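# Working through the structure, step by step
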Amino acid sequence: MKPLKLMSYAEGRWLEPAGALNDIVSASTDELVAQVGQGIRDFAGMLHYARSAGGPALRAMTFHQRAAMLKALAQAIMARKEELYELSYETGATRSDSWIDIEGGAGTLFTYASKGRRELPDDVVLIDGAVEPLSKGGTFVGQHVLTSLQGCAVHINAFNFPVWGMLEKLGPTLLAGVPAIVKPATASAYVAEAAFRIMIDAGVLPDGALQLIVGPTGDLLDHLTGQDVVSFTGSAKTAQTLQRHPVIARESVRFIAERDSLNAAVLGPDATPEQPEFELFVKEVVREMTAKAGQKCTAIRRALVPAALIDAAQAALQERLAKVVVGDPRNEKTRMGALVSTAQRSDVRAQIEKLKREARIVCGDPNRNNGHGAFLEPILLRCDSPAGATAVHEVEAFGPVATLMPYDGIDDAVRLVNRGQGSLVMSLFTYDPHVARTILTGAGAFHGRLLIVDRDCARESTGHGSPLPMLVHGGPGRAGGGEELGGLRGVMHYMQRTALQGSPRMLGTVTHSWIRGGPEERDAPHPFRLKFGEVQPGKTFVSPLRKITLEDIEHFAHFTGDTFYAHMDEDAAAANPFFEGRVAHGYLLLAFAAGLFVDPAPGPVLANYGLDNLRFLKPVNPGDSMRVQLTAKSKIPRKDEYGEVRWAVTLTNQDDEIVATYELLTMNAI
Ligand code: NAP
């Protein structure tokens, strides 16, 4: 194949590499695959373009419009995924390795598209949490809100997942309304460049939303400001170099670091070889060692087992590892392909040498496979005295390498696991919740994710090594102290939280919502006569009073079967610290409320979708009366035909005391 000349994409143009070109060869055949050079001359110009063109265009789009854009990008990747699979073989990845990268990457975009649509408003301001009352009279309140940063996100990615690594950062960034400059790792930049090209070709991105640097980043970081974000994935060494950049400190540039970590898997003391968790542990350790040839930041590097089980665990691991077929990633029988390059293999071999000072190899030979390609067989080491060792807890061999070690009691397991100084993930194989609780309380603070595998969840478990878009990815300390993904949490890294203070009218109006104390519009028509587009926050309906009799309560009790003593037995109810005697059912109040506020004839309200935040605040006794107030609070379009309206509902008694509050959701025709 003719080598690809990898291009950068800046200020809306593809740029040929200039200057001396460096070769990237195939990980499995050593053939020349691609060449990189210095593509970009004007890094400050790229940042300016992102801030002046991309940022304003993205910020003019609502969350829903950005979500639709992400969906279109994901669809474009999926439509041309075979081009990416083909290139990805050259990185040494098998088809299943590439599936994680390519379809996992597109899947992450799809998830963010759907979260944007379902969990965010069709707006550019994001309300964060509840209104905080700040005054006795209710005229002064607080509300946290988030708005998009006005700078640029600089994404510096590792080589191991050229597509997923790019898309897992782009999903939250673009949804937040922030443009990005992507700098993929050189070793696999040909896959990243191809995926990037697919996104540009899709034609759905505004100008300046996305730019690409293939090759060095020049003086890019010198031009950053406090509105920019650097999100880095790679080694601890590079992260430290970048974090020390004077502009990053001076301008308080947000810096998200996802670094390497010495992730552990722990076999619980209860998980003897007869228990299913033993086999699950062995399978997972081997899977983590061999998937992507162990080049995963989340891979299991340390396998901890009870001292009494170490020989059994070693034998089981050896047996499974012996069956791993290493070779041509295109061959369907191959279980593990090559490392990304022979340089990477040399690096891994050097790290194995360091580990060998404290551990011995019990499976595999790091020096076999010296023909073409960057193949390396899985290497299992065993360290019998991990408490006195250092390297096994510190040295990351970024390849198919793990160290087996014994622990002596669960507290010792916690101590050893935490010697990793902070990890992305640990997994625990136990059926005993007490073991799991001890590990959580002892090691939780050192881990971004904790996977507990047992016989009940194993079949459906997504596994130790897979970050998921809905869960946070990142870990403390050694792992970088960063956090990505985690659903909407990941979006907020690219937005500024502002504590807004003012009157309910002002804050409600600027956040496109209604806040208690704000203006109410009580005139006809009834709110249920209004289509989605016609309902405005503040539109209110107030019912007349309705009396609640003992007959109502008894009728409801026998009709529903809810004859709980508090509704039926005067003495028993009075003995309850909450009541003075028999009280109306909460659900009876809700049912009466619906009877009071509905406008029954067919109309734009299509369905009751549920209610949120229901609280019963004061008992209602026989003879009391109630009224309901319904006020439109906010709305979110759902489909072309309908949207969701959120109503603030308040039930009050004859003395105007609040007896219950909740938020009602209706689906209204557009
Ligand atoms: P790396 O050598 O640290 O490189 C990471 C990225 O930084 C690459 O894009 C690299 O570009 C760039 N870079 C290096 N020096 C730079 C500089 N002075 N200025 C700007 N950019 C610079 O890491 P890697 O070898 O690609 O990846 C493997 C490591 O990443 C492993 O340690 C692994 O554990 C870690 N990792 C962590 C995560 C996570 O989520 N926590 C995920 C994947 C990998 P060039 O390639 O052009 O040098």
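Residues numbered from 1 in each chain as written. Predicted model: local features only at pLDDT ≥ 70, side-chain atom pairs only at ≥ 80, totals over all residues. Heavy atoms only, no water.

## Let's talk about the environment of L471
- By secondary structure assignment, the location of L471 is in the loop between strand 19 (447–453) and strand 20 (472–473).
- According to the relative accessible area criterion, L471 is partly exposed, its value standing at 41%.
- With 12 residues separating them along the chain, L471 and E483 place their C-alpha atoms 9.9 Å apart.
- With residues near it in sequence (within four places) discarded, L471 still touches E484, L485, G486 and G487. (Helix = DSSP H or I, 4+ residues; strand = E, 2+ residues; numbered from the N terminus. Buried < 20%, exposed > 50% of the residue type's maximum accessible area, 1.4 Å probe, protein only. Contact = heavy atoms within 4.5 Å.)

## Quick notes on the domain arrangement of the chain
- Taken domain by domain, the chain holds domain 1 (42–259), domain 2 (263–468) and domain 3 (520–669).
- Look at where the C-alpha atoms of domain 1 and domain 2 centre, and you get two points 31 Å apart.
- In this assembly, 16 residues from domain 1 lie in contact with 19 residues from domain 2.
- With both sides pooled, the region where domain 1 packs onto domain 2 buries about 1,500 Å², and carbon together with sulfur makes up 58% of that total.
- Counting every contact that joins domain 1 to domain 2 gives 2 salt bridges.
- For the salt bridge of R330 with E86, the shortest nitrogen-to-oxygen distance reads 2.5 Å.
- Looking at the side of domain 1 that touches domain 2, the elements with two or more residues in it are helix 3 (81–89) and helix 4 (95–119).
- Grouping the amino acids of the side of domain 1 that touches domain 2 by side-chain chemistry returns 6 nonpolar, 4 polar and 6 charged. (Domains from an automatic or database assignment. Buried area = accessible area lost by both parts, 1.4 Å probe. Salt bridge = Lys/Arg side-chain N within 4 Å of Asp/Glu carboxyl O. Nonpolar A, V, L, I, M, F, W, Y, C, P; charged D, E, K, R; others polar.)

## What to know about the packing of aromatic side chains
- Within this structure, the stated rule accounts for 10 aromatic pairs.
- Between the aromatic rings of W14 and F196, the centroid separation amounts to 6.0 Å while the plane-to-plane angle is 90 degrees, which identifies the pairing as edge-to-face. Note that W14 is positioned in strand 3 (residues 13–15) and F196 in helix 6 (residues 189–201), a separation of 182 residues in sequence.
- Its relative accessible area of 24% is what places W14 among the partly exposed residues.
- By the ring-pair criterion, three or more aromatic residues cluster together here, those being Y9, W14 and F196.
- The ring centre of Y85 lies 3.7 Å from the NZ or CZ of R95, which sits over that ring. (Phe/Tyr/Trp six-rings, centres within 6.5 Å; stacked < 30°, edge-to-face > 60°. Lys NZ or Arg CZ within 6 Å of the ring centre and 35° of its normal.)

## Remarks on the packing of helix 2 (residues 63–79) against helix 5 (residues 164–175)
- At a closest axis distance of 9 Å, the pairing of helix 2 and helix 5 adopts a crossing angle of 155 degrees. In this view, helix 2 runs roughly antiparallel relative to helix 5, as classed from their interaxial angle. Classified by chirality, the crossing of helix 5 by helix 2 is right-handed. Contact residues: F63, R66, A67, M69, L70, L73 and I77 in helix 2; L167, L170, G171, L174 and L175 in helix 5.
- Its residues assigned to classes, the contact of helix 2 with helix 5 comprises 10 nonpolar, 1 polar and 1 charged. (Axes fitted to C-alpha atoms, helices over the stretch in contact; angles between N-to-C directions. Parallel < 35°, antiparallel > 145°, perpendicular 65-115°, else oblique. Left-handed = near helix turned anticlockwise from the far one by under 90°.)

## Some points on unusual backbone geometry
- A524 connects to P525 through a cis peptide bond whose omega is 5 degrees.
- Along the chain, the position of P525 falls in the loop between helix 16 (504–510) and strand 23 (540–542).
- Here K292, not a glycine, exhibits a phi torsion of approximately 55 degrees, which is positive.
- Residue position: K292 is located in the loop between helix 9 (276–290) and strand 14 (302–306).
- Relative accessible area serves as the criterion here: at 6%, K292 is assigned to the buried category.

## Notes on the sheet that holds strand 19
- Spatial ordering of the open sheet is given by 15-16-17-14-13-18-19, a layout of 7 strands whose pairing is mixed. Taken across any chain shown, the strands that pair with only one partner, and hence form the sheet edges, are strand 15 (360–363) and strand 19. Between one strand axis and the next, the sheet turns by 25 degrees as a mean value, whatever way the strands run.
- Bridge analysis of strand 18 (residues 423–429) against strand 19 gives 6 bridges, and the strand direction is parallel. Note that in strand 19 the partner of S427 across the bridge is L451. (Pairing = 2+ DSSP bridges.)

## Re the site of the ligand
- By nearness alone, 24 residues border the ligand, and N157, T186, S235, T238 and E396 come closest of all.
- One of the side-chain nitrogen or oxygen atoms of T186 is found 2.5 Å away from an oxygen atom of the ligand.
- One of the side-chain nitrogen or oxygen atoms of D260 is found 3.5 Å away from an oxygen atom of the ligand.
- About the coverage of the ligand: the protein hides 79% of its 910 Å² of free accessible area.
- For the shell around the ligand, the elements supplying multiple residues, two or more each, are strand 11 (229–233) and helix 7 (236–243).
- Split by residue class, the shell around the ligand holds 10 nonpolar, 9 polar and 5 charged.
- Each of domain 1 (42–259) and domain 2 (263–468) gives at least three residues to the shell around the ligand. (Near = heavy atom within 4 Å. Polar contact = N/O pair within 3.5 Å; in protein donor to acceptor, adjacent residues only side chain to side chain. Areas by Shrake-Rupley, 256 points an atom, 1.4 Å probe, with all protein chains shown as cover.)

## Brief notes about the pattern of salt bridges
- In total, this model carries 32 salt bridges according to the counting rule given.
- Ionic pairing is found between E103 and K81, a salt bridge with its closest N-O pair at 3.3 Å. Linking E103 in helix 4 with K81 in helix 3, this pair joins segments that are 22 residues apart in sequence.
- A salt bridge links E644 to R638; its shortest N-O distance comes to 3.0 Å.

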